[in-house]
Amino acid sequence: MGNVADTSLFTTVPSPIGDLLLLGERSSGRTALTGLYCDPPPAGRPPEDARRDDAAFADARAQLAAYFGGELQDFDLPLAATGTPFQHEVWAALREIPYGETTTYGALARELGRPVGAARAVGACNGRNPIGIVVPCHRVIGASGNIVGYAGGLDRKRWLLAHEARVADRALTLFG
């Protein structure tokens, strides 16, 4: 992640939850994903110097289509999110939450070896995840089991969780 980017790029991808904005940086001939936003907020707009390059995101586009089609559960994309060491620790833990399952902010804090009071800090990092869906922050719910907090909106979070539950249940039926 330490390479200086040669080029900042973006594309948009249609999805069942609305258009997605993908941001990336090309360095050494490859494009690493730096952002994925639902109905982009102002912070999710492409940088002014970014240029649109749909082909540079071919793998991300294909993997997102497979995910939304129920055919992909684990993304395999180069990522280059900008954040603090603690944010990167939380975002790495998010990628370990199994597809179709959820966890709580407190449980995630405990898995990271943090005290119970760190649940809020974990929640703050979760909320600053710049690569939604691929880094599945939608799989984290409140301690009460309620669906809380999602930068893309709670309706999208509900849709993503229901989608993954349907796909996981279908897989259990076929292979269980």
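Our structure is the block above this text.
Residues numbered from 1 in each chain as written. Predicted model: local features only at pLDDT ≥ 70, side-chain atom pairs only at ≥ 80, totals over all residues. Heavy atoms only, no water.

The next subject is the overall build of the protein chain. Counting secondary structure elements, the protein chain contains five helices and six strands. When burial is assessed residue by residue, the protein chain has 45% of its 176 residues classed as buried. (Helix = DSSP H or I, 4+ residues; strand = E, 2+ residues; numbered from the N terminus. Buried < 20%, exposed > 50% of the residue type's maximum accessible area, 1.4 Å probe, protein only.)

Further remarks concern the nonpolar core. With 42 residues, the main nonpolar core has Leu20, Leu22, Leu94 and Ile133 as its most contacted residues. Broken down by secondary-structure element, the contributors of at least two residues to this core are β1 (7-13), β2 (20-27), β3 (30-38), α1 (58-68), α2 (85-94), α3 (105-111), α4 (119-127) and α5 (154-175). Other than its neighbours up to four places away in sequence, Leu22 contacts Leu9, Phe10, Thr11, Val13, Leu33, Gly35, Leu36, Phe57, Ala60 and Leu64. Ranked by size, the runner-up nonpolar core spans five residues in total, among them Phe10, Leu21, Leu23 and Tyr37. (Core = buried A, V, L, I, M, F, W, Y, C linked by side-chain atoms within 4.5 Å. Contact = heavy atoms within 4.5 Å.)

Right, let's get into the packing of α2 against α4. Two elements in contact, α2 and α4, have axes whose closest approach is 9 Å; the angle formed by their N-to-C orientations is 80 degrees. In terms of orientation, α2 lies roughly perpendicular with respect to α4. Listed contacts from α4 to Phe86, Gln87, Val90, Trp91 and Leu94 of α2 are Ala121, Val122, Cys125 and Asn126. Residues of the contact of α2 with α4, tallied by class, amount to seven nonpolar, two polar and no charged. (Axes fitted to C-alpha atoms, helices over the stretch in contact; angles between N-to-C directions. Parallel < 35°, antiparallel > 145°, perpendicular 65-115°, else oblique. Nonpolar A, V, L, I, M, F, W, Y, C, P; charged D, E, K, R; others polar.)

Let us look at the sheet that holds strand β4 (residues 51-52). Strand order in the open sheet formed by four strands is β3-β2-β1-β4, and the pairing between neighbours is mixed. Across the chains shown, the open sheet's two edge strands, defined by having one partner strand only, are β3 and β4. Alignment of β2 against β3, held across eight bridges, turns out to be antiparallel. Its bridge partner lying in β3, Leu20 is registered against Cys38. In this fold α1 packs onto β1, β2 and β3, with an angle of close to 145 degrees to the strand it touches most, β2. (Pairing = 2+ DSSP bridges.)

A word on the pairing of β3. Among the nine residues of β3, eight are classified as buried, and the element is accordingly described as predominantly covered. Where β2 hands over to β3, the hairpin turn is made up of two residues, of which Ser28 adopts a positive phi near 55 degrees.

Here we take up the environment of Asn146. Tracing the backbone through its elements, the reader meets Asn146 in the loop between β6 (140-141) and α5. Residue classification places Asn146 among the partly exposed residues on the basis of a relative accessible area of 46%. Considering only alpha carbons, one finds Asn146 and Thr104, 42 residues apart in sequence, at a separation of 9.7 Å. One polar contact links Asn146 to Ser144, side chain to side chain, over a distance of 2.9 Å. (Polar contact = N/O pair within 3.5 Å; in protein donor to acceptor, adjacent residues only side chain to side chain.)

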